[in-house]
2 protein chains.
Amino acid sequence: MAAVAAATRGWRLLVLLCTAVLATAGAPQPPNIVLLLMDDMGWGDLGVYGEPSKETPNLDQMASEGMLFPSFYSANPLCSPSRAALLTGRLPIRNGFYTTNAHARNAYTPQEIVGGIPDSEHLLPELLQKAGYTSKIVGKWHLGHRPQFHPLKHGFDEWFGSPNCHFGPYDNRAKPNIPVYRDWEMVGRFYEEFPINLKTGEANLTQIYLQEALDFIKRQQMKQHPFFLYWAIDATHAPVYASRPFLGTSQRGRYGDAVREVDDSVGKILSLLRNLGIAENSFVFFTSDNGAALVSAPKQGGSNGPFLCGKQTTFEGGMREPAIAWWPGHIAAGQVSHQLGSIMDLFTTSLSLAGLKPPSDRVIDGLDLLPTLLQGQLTDRPIFYYRGNTLMAVTLGQYKAHFWTWTNSWREFKQGIDFCPGQNVSGVTTHTQEEHTELPLIFHLGRDPGERFPISFVSAEYQDVLSRTTWIVQQHRKALVPGQPQLNVCNQAVMNWAPPGCEKLGKCLTPPESTPTKCLWPH
Amino acid sequence: MAAVAAATRGWRLLVLLCTAVLATAGAPQPPNIVLLLMDDMGWGDLGVYGEPSKETPNLDQMASEGMLFPSFYSANPLCSPSRAALLTGRLPIRNGFYTTNAHARNAYTPQEIVGGIPDSEHLLPELLQKAGYTSKIVGKWHLGHRPQFHPLKHGFDEWFGSPNCHFGPYDNRAKPNIPVYRDWEMVGRFYEEFPINLKTGEANLTQIYLQEALDFIKRQQMKQHPFFLYWAIDATHAPVYASRPFLGTSQRGRYGDAVREVDDSVGKILSLLRNLGIAENSFVFFTSDNGAALVSAPKQGGSNGPFLCGKQTTFEGGMREPAIAWWPGHIAAGQVSHQLGSIMDLFTTSLSLAGLKPPSDRVIDGLDLLPTLLQGQLTDRPIFYYRGNTLMAVTLGQYKAHFWTWTNSWREFKQGIDFCPGQNVSGVTTHTQEEHTELPLIFHLGRDPGERFPISFVSAEYQDVLSRTTWIVQQHRKALVPGQPQLNVCNQAVMNWAPPGCEKLGKCLTPPESTPTKCLWPH
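Residues numbered from 1 in each chain as written. Chains lettered and ligands numbered in written order. Predicted model: local features only at pLDDT ≥ 70, side-chain atom pairs only at ≥ 80, totals over all residues. Heavy atoms only, no water.

Trainee: When you look at the pairing of strand β4 (residues 134-140) of chain A in this model, what are you seeing that I'm missing?
Mentor: Strand residues, when the strand is regular, have side chains that alternate between the two faces of the sheet. Residue and element names in this part refer to chain A. For β4, the buried fraction is high: seven of the seven residues fall into the buried class. As judged from the six bridges shared by β4 and strand β8 (residues 227-232), these two strands associate in the parallel manner. Note on β8: the bridge partner recorded for V138 is W231. (Buried < 20%, exposed > 50% of the residue type's maximum accessible area, 1.4 Å probe, protein only. Helix = DSSP H or I, 4+ residues; strand = E, 2+ residues; numbered from the N terminus. Pairing = 2+ DSSP bridges.)

Structure follows, in structure tokens:
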């Protein structure tokens, strides 16, 4: 018996040893993952998507070397929820990045927000650690700026960037300027150490973010580590900016200057991967967090091409995004996929690339796109469009059904805040919240990408789509466990008064008294 | 003296002989010219211009092998005037293809039109004869259907197609069905010998037109003749049609089926040129006669991408066209030119290719694009937008100034006739004719391709553009000698009752009594 037991132990040891050897030597290193996430860039902003000035040669080239997705969606028409969805693979209604303060309201993470990404959510970089990845976020975090929400507490190893938008400048009395972090600590603030000239549009930030990306890639390459780079830059978010060599170079004005610098930077990142000989081991995906902010057009906003309205809305212009996948030697060049894709798929696909499975204890909305990317497979799946906790619309195949329509209030609209400038589809781009839950407005997005011609209620086509839509929505609702809403409470005291490291810079400010209130989300 | 005279005669003879020898042997044969003119196809209908379904692989490939023009214009937002301008190189206001029956009216050549292309106009095929070209028109002529306007009387050697649109079916009592001609004679009528099934959308016409093109090319190649093929097909004009193999194959519905068949046909024409080894000696240009007819969308109309309104209007959607130049070995692959181009440039450029100069006794509006095509040169030039004899707008560089705005009347609009569905720019997409001649509405088309944000009257930018615009318009007006308007008079008696050849087919109909009236042009 003792001999048998010893032999068994020996055998077990051998098996363990072999497994370990195979894991380090035999198994190939998983590919690097680079997610290039733009801010408020629209579907129509790239030459390959029809922008008339055709000023994105590098992105167009990336598309010609990879796979273009004409039907790829953000998870929300606003930045913070969309980014939370990307990193969790889950709809904002599940991961808590929404508000219940009023009906169908978009909410995000301004300085006064109390909430942020809950610890209970598993973020992509956290999970990728298990496969040996080193992760860096460059740019905008936007998942909460209080200490417990720091990206390095949620799986990232490095950070260079900011927790909020680059709004400002502020007076550091009623409101502090937004901090810029390197890793754990603030290294300065926008409009101070990191200037943005609102008059000229000049800022060097994209160049800094580019350098951060290139340096990280080179360092990881030296270490022979698989890496995850989340390059979340924000030059195309109002106030848009570009560095001096790009200012005034676009036919599209300042917004176009920003796009040209972004395009140039993407070219440089792809070139570096090629020059380091790691292109074939690097999966790169380019997309944006939500549609172009037409409210800021034309000087500070981009283009959603032929699609209806923009950011803040659940029309196509608010949530359909440019999307390009690039992985030379794996993804065949010059492909177009009509797979309905979602920003949440980047979570699941990245895990799949790393040989990992998504968490099995919760609903994950993201699909693994590898069968699409590598074999051109198409998978039926719905796209859900939320504002707050209200399901506004769903797309199934080519059909989109609107259960609620709203752009913004008459009051805002009359003040000149227009999410659909120059567009007006009667009964669709409404300024009152219109309910269509019984008889949704249904559009065929192939025949009518601009959502201008609702399909007749009495047609057989409508009835067929309605029954399929109803079923999908019932299933969705049945399985839905809304997360604790994170974007309900605001407080002046939680703003970026004294971020870690402020004392070294002499930049600590004194917060006002704590006065938690319900955040006001007007649209 | 006799000896000297004889020697002089001998010398002259030698010179003449040498000139003849050089002309036939020494000088290279001029390139073939193929103009692919679409009907009501919009800027946004091609993948390369951002159509989301990306169903035009052959046209996209053509663009990647040639030069794409994002800013190429028709000469009118309606078919007949635009086609007359193409073939004469002159604005409709000069060549007579307009009406003065009412202010700012679009007019074309329906069956009851009395006018047509005046003999005094020199058409492209007429001029190309001097350089030894054989010319064929396949498809829609649209420059008048009375005997004196027959394309073979205006320089074409062959014709297969129809004089008017493929509207119908008619009862052959109040209105005859449109004839289809082969050369001088009618060979049948639409909805009779050449069926179009309005219910299913099936028609074999594009296949017939394709075959005509391929046969012509092969025949000319055998004869070693330079040829001019004007392939003016009309599958994308309502009622749109496709042949059975293409029906139901598009994600865009029936209109998309028509586009797919057109795309396939263009691919076959380019392939034939390649297979015959004459691609490098064939200049091919693809464009459309006016913007997509949004009034027929979504089932029967295409897309103008991010541009405002469509056919019938002088907004960008009415006159900015897809345009691709292809000439392997001469035009470098994969270029985009921001030259402002015009359909009238095809006249001058074709003459230039043939080694000919345009007529010097009249104003020619078309530019020679060869310096653009071959050396990437950019030339400043205005684009004029007319409705009838009213100058509605002008574009200079990136700036467009509207002197009049109008879509259609309130009366038509209330009947559901909408040239700008889903679009509404206050003070711009007006339903009354609005004069802005003193203070034009000015847009920057690079920053604002959708003509949504007029530049402020009080800005320095506005003042600068205004003064340049005023000067250009003054020059234009000074030199303008309007042609005799051809589209003023209508008469039921001139319809296609008894086209030549009808007796052979037993298809002659008896015209009603002659009752000339002023044509009614409602918009």
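Trainee: Even after reading the chapter, I still don't get the state of the cysteines, so can you show me in this structure?
Mentor: Here, the word disulfide means a covalent bond between the sulfur atoms of two cysteines. Residues and elements named next belong to chain A. Tallied over the entire structure, the rule returns six disulfides over all chains. Two residues, C309 and C420, share a disulfide whose sulfurs are 2.1 Å apart. Sign of the S-S torsion, about 100° for the bond between C309 and C420, identifies this disulfide as right-handed. In this pair, C309 sits in the loop between β9 (282-288) and α8 (316-319) while C420 sits in the loop between α11 (410-414) and β18 (434-435), placing the two residues 111 residues apart along the sequence. Taking the relative accessible area as the measure of exposure, C309 reaches 0% and is therefore buried. (Disulfide = S-S within 2.5 Å.)

Trainee: What's the story with the UniProt feature "binding site: Ca(2+)" (unreviewed entry) in chain A in this structure? I'm lost.
Mentor: All names here are of chain A. In the numbering used here, UniProt assigns the feature "binding site: Ca(2+)" (unreviewed entry) to D39, D40, C79, D289 and N290. Spanning 252 residues, the annotated positions come together in the fold, the maximum distance between their C-alpha atoms being 7.8 Å. Mapped onto the fold, D39 is located in the loop between β1 (32-38) and α2 (57-65). Residue classification places D39 among the buried residues on the basis of a relative accessible area of 0%. Non-local contacts of D39, meaning those with residues more than four positions away in its chain, are made with R83, K140, I233, D234, T236, H237, S288 and D289. Side chain to side chain, D39 and R83 meet in a polar contact 3.3 Å long. Residue D289 is classed as buried on the basis of its relative accessible area of 0%. Once you skip the residues sitting within four places of it in the chain, D289 turns out to touch L37, M38, D39, D40, S74, N76, L78, C79, S82, R83, E321 and I343. (UniProt positions renumbered as here; feature names shortened; annotations may be inferred. Contact = heavy atoms within 4.5 Å. Polar contact = N/O pair within 3.5 Å; in protein donor to acceptor, adjacent residues only side chain to side chain.)

Trainee: Would you take a moment to explain the relation of the copies chain B and chain A for this structure?
Mentor: Between the two copies of the chain lies a relationship made up of a rotation around an axis and a movement along it. Rotating chain B by 180° about the axis while translating it 0.0 Å along that axis superimposes it on chain A, leaving an RMSD of 0.0 Å. The symmetry that links the two subunits is that of a two-fold axis. (Least-squares fit on C-alpha atoms with pLDDT ≥ 70 in both.)

Trainee: In this structure, what is going on with the packing of helix α6 (residues 205-223) of chain B against helix α7 (residues 253-275) of chain B? I would like to understand it.
Mentor: If you want to describe how two helices pack, look at the angle between their axes and the distance between the axes. Residue and element names in this part refer to chain B. It is the contact of α6 with α7, at a shortest axis distance of 10 Å, that shows an interaxial angle of 10°. As the angle between them shows, α6 and α7 are arranged roughly parallel. Residue-level contacts link T206, Q207, L210, A213, L214, I217 and K218 of α6 to E261, S265, K268, I269, L272 and L273 of α7. In terms of residue class, the contact of α6 with α7 is made up of seven nonpolar, three polar and three charged. (Axes fitted to C-alpha atoms, helices over the stretch in contact; angles between N-to-C directions. Parallel < 35°, antiparallel > 145°, perpendicular 65-115°, else oblique. Nonpolar A, V, L, I, M, F, W, Y, C, P; charged D, E, K, R; others polar.)

Trainee: Is there a simple way to think about helix α7 (residues 254-275) of chain A in this case?
Mentor: The α-helix advances 3.6 residues per turn, and as a result positions three or four apart in sequence lie on the same side. Compared with an ideal rise of 1.5 Å per residue, which puts 22 residues at 32 Å, α7 of chain A spans 31 Å between its outermost C-alpha atoms and is within 8% of the ideal. Downstream of α7 of chain A by one or two residues, G277 of chain A has phi in the positive range, about 75°. (Expected span 1.5 Å × (residues − 1).)

Trainee: Just checking my understanding: could you explain the interface of chain B and chain A for this structure?
Mentor: Many structure descriptions define interface size as the accessible area lost when the parts assemble. Taken together, the 35 residues of chain B in the interface contact 35 residues of chain A. Inspection of the chain B/chain A interface yields zero salt bridges. If you look at where chain B meets chain A, you find twelve residue pairs in polar contact (both at pLDDT 80 or more). A class-by-class count of the residues in the side of chain B that touches chain A yields 16 nonpolar, 13 polar and six charged. (Salt bridge = Lys/Arg side-chain N within 4 Å of Asp/Glu carboxyl O.)

Trainee: Explain the pattern of salt bridges here, please?
Mentor: Working definition: two side chains of opposite charge can pair if their charged atoms are close together. Applying the stated criterion to the full structure yields 50 salt bridges over all chains. Residues joined by salt bridges that share partners form a network here, namely K136, E158, R182, E212 and R219 of chain A.

Trainee: How should I be thinking about the environment of W231 of chain A in this particular structure?
Mentor: All names here are of chain A. Mapped onto the elements of the fold, W231 is located in strand β8. For W231, a relative accessible area of 0% puts it in the buried group. For the pair formed by W231 and L37, sequence separation is 194 residues and the distance between their alpha carbons is 6.0 Å. If we ignore the near neighbours within four places in the chain, the residues touching W231 are L35, L36, L37, M38, V138, Y209, L210, A213, S265, V266 and I269. Within the structure, W231 has its side chain in polar contact with the backbone oxygen of Y209 (distance 3.0 Å).

Trainee: Teacher, can you tell me more about the domain arrangement of chain A here?
Mentor: Residue and element names in this part refer to chain A. Looking at chain A, the domain boundaries give domain 1 (32-379) and domain 2 (390-479). Each of domain 1 and domain 2 has a C-alpha centre, and the two are 27 Å apart. Contacts between the two partners involve 22 residues from domain 1 and, on the opposite side, 26 residues from domain 2. Roughly 2000 Å² is buried in total at the junction of domain 1 and domain 2, and carbon and sulfur atoms are behind 62% of that figure. On the domain 1 side of the interface with domain 2, the three residues burying the most area are H103, L308 and F315, jointly 27% of the side's total. Remark: the boundary between domain 1 and domain 2 carries one salt bridge. Notably, a salt bridge pairs K400 with E316, separated by 2.8 Å at the nearest N-O pair. On inspection of domain 1 and its partner domain 2, the count reaches nine residue pairs in polar contact (both at pLDDT 80 or more). (Domains from an automatic or database assignment. Buried area = accessible area lost by both parts, 1.4 Å probe.)

Trainee: Is there a simple way to think about the UniProt feature "domain: Sulfatase N-terminal" (unreviewed entry) in chain A in this case?
Mentor: When the UniProt feature table is mapped onto this chain, "domain: Sulfatase N-terminal" (unreviewed entry) is found at residues 31-355 of chain A. Counted over residues 31-355 of chain A, helix gives 25% and strand 17%. Its end C-alpha atoms are 10 Å apart.

Trainee: Which parts of the structure should I look at to understand the packing of helix α2 (residues 57-65) of chain B against α7 of chain B?
Mentor: All names here are of chain B. Contact geometry of α2 with α7 gives a least axis separation of 7 Å together with a crossing angle of 45°. Of the possible angle classes, the one that applies to α2 and α7 is oblique. For the pair α2 and α7, contact is made by P57, N58, L59, M62 and E65 and by D263, D264, V266, G267, L270 and R274, respectively. Classifying every residue of the contact of α2 with α7 gives five nonpolar, two polar and four charged.

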